[in-house]
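Descriptive analysis of the structure
Take a look at the letters that make up each chain.
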Amino acid sequence: MMNLSASPADMADGNPTHPSSPQHNADYLAQLLKDKKTVSQFPAVFIHLERLLDEEINKVRLSLFHLNGTSESKPLLLPEATGPVLSLTEKVFVPIKEHPDFNFVGRILGPRGMTAKQLEQDTGCKIMIRGKGSMRDKKKEETNRGKPNWEHLNEDLHVLITVEDTQERAQIKIQRAIECIKKLLVPSADGEDDLKKSQLMELAIMKGTFRDNTTSTPTKIHHQCK
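Residues numbered from 1 in each chain as written. Predicted model: local features only at pLDDT ≥ 70, side-chain atom pairs only at ≥ 80, totals over all residues. Heavy atoms only, no water.

Quick look at the packing of helix H5 (residues 114-123) against helix H7 (residues 167-184)
Their axes nearest at 9 Å, the elements H5 and H7 cross at an angle of 145°. Classified by chirality, the crossing of H7 by H5 is right-handed. On H7, the residues that touch Leu-119, Asp-122 and Thr-123 of H5 are Lys-173, Arg-176, Ala-177, Cys-180, Ile-181 and Leu-184. (Axes fitted to C-alpha atoms, helices over the stretch in contact; angles between N-to-C directions. Helix = DSSP H or I, 4+ residues; strand = E, 2+ residues; numbered from the N terminus. Left-handed = near helix turned anticlockwise from the far one by under 90°. Contact = heavy atoms within 4.5 Å.)

What about the packing of aromatic side chains?
Each aromatic ring pair is specified by the distance between its two centres and by the angle formed by the two planes. Considering all chains together, one arrives at two aromatic pairs under this definition. Where Phe-42 meets Phe-46, the ring centres are 6.1 Å apart and the plane angle is 85°; that geometry is what we call edge-to-face. Classification of Phe-42 by relative accessible area gives partly exposed; the value is 41%. The exposure class of Phe-46 is partly exposed, given its relative accessible area of 38%. Geometrically, the ring pair formed by Phe-102 and Phe-104 is tilted, given 4.7 Å between the ring centres and 55° between the ring planes. Residue Phe-102 is classed as partly exposed on the basis of its relative accessible area, which comes to 23%. What makes Phe-104 buried here is its relative accessible area of 1%. (Phe/Tyr/Trp six-rings, centres within 6.5 Å; stacked < 30°, edge-to-face > 60°. Buried < 20%, exposed > 50% of the residue type's maximum accessible area, 1.4 Å probe, protein only.)

Section: the pattern of salt bridges
For side chains bearing opposite charge, pairing can occur when the charged atoms are close. The tally for this structure, following the rule as stated, stands at nine salt bridges. A salt bridge links Lys-59 to Glu-56; the nearest nitrogen and oxygen atoms lie 3.5 Å apart. Of this pair, Lys-59 and Glu-56 both sit in helix H3 (residues 47-65), three residues apart, which is roughly one turn of that helix. The residue Lys-91 makes a salt bridge to Glu-155 at a minimum N-O spacing of 2.8 Å. Highlighted residues: Lys-91 in strand E1 (residues 85-93) and Glu-155 in the loop between helix H6 (138-144) and strand E3 (158-166), separated in sequence by 64 residues. (Salt bridge = Lys/Arg side-chain N within 4 Å of Asp/Glu carboxyl O.)

Focus on the side chain of Glu-141
Inspection of the secondary structure assignment puts Glu-141 in helix H6. Within the local environment of Glu-141, its side chain forms a polar contact with the backbone nitrogen of Gly-133, the two atoms lying 2.8 Å apart. Excluding residues within four positions of it along the chain, Glu-141 makes contact with Gly-131, Lys-132, Gly-133, Ser-134, Met-135 and Leu-153. (Polar contact = N/O pair within 3.5 Å; in protein donor to acceptor, adjacent residues only side chain to side chain.)

Overview of the confidence of the model for the protein chain
Chain-level statistics for the protein chain give a pLDDT mean of 81 and a share of 78% at 70 or above. Element-level pLDDT for the protein chain is lowest in helix H1 (residues 8-12), with a mean of 50, against a maximum mean of 98 in E3. Scored below 50 in pLDDT, residues 11-19 shows five contacts in the model against residues more than four places distant or in partner chains. Across residues 67-72 the pLDDT falls below 50, and counting only partners more than four positions away or on other chains, this stretch makes 10 contacts in the model. (pLDDT = per-residue confidence, 0-100.)

Looking at the environment of Leu-157
Topologically, Leu-157 is positioned in the loop between H6 and E3. Taking the relative accessible area as the measure of exposure, Leu-157 reaches 6% and is therefore buried. As for Leu-157 and Phe-104, which are separated by 53 residues in sequence, their C-alpha atoms are 9.6 Å apart. Filtering out sequence-adjacent residues up to four positions away, Leu-157 remains in contact with Phe-93, Val-94, Val-105, Ile-129, Arg-130, Gly-131, Lys-132, Gly-133 and Ser-134.

Structural data, given as C-alpha cells:
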C-alpha cells in the first residue's frame, strides 16, 4: 500500500525541496486507484483504509485538475445538526431531446464513475443516473423495463439526487447538488470543454498511458461544481 503521509499533492502544497509535477501526481493517482481496487475486494474489512484512500485520491485529483493552485469549488457551510434525520430526493432531467447526440451519461459519470464520485464528495449527496438510456447494456434495459424496482426506466433520462441529514443541512446539500448537475448538463463546444479534458486525462492515468506534455503554464481544469 502507498504511504499516505507524504504524497506528491502534499509536496506541491508548499515544500520547495520536493517539487511535484502533473506526471508525478498522475503516477501516484494510478497507484492509489490500484490500491483502492485491491482493498475493495475485501468489503467491510479495511474500512478506515478505504476512507483514507478516498481522501488521498480526492486530494491528488484536486491537485491534478486545479494546476494553477486555486479551487473554484466552495466548501459547503453547514449549520449544526438539529432535529430528526430525514431523506430528501430530487430529480434533474437531462435535456436529451434538445441535444440527442450529446453523451450526458458519460459526462456525469466520468471515467469509472470518478466524476460522479467527486460530486458525491463535494455535495454529500448520492448521485445516480436513472430513466431511459441510463443503462449501458441497452438489451438489459429493454428486458428490465416494466419489471418491479425498474419503474424508473419508463421515465425520461434524469439524475436522481438523494441525501439523508437533518432538514436544514439536507436542503443545503441537495441544492448544491442540483446546481452542480445543472452545470454539467450544459454542453460545451468541442475543444472548449474543460471537464472533458480532465476526464480524458484521468482515463489516460487509469490506463497508464498519461504523459505530461504541459508547458510552463499548465492548462487550468475547471471544477464542475463552483
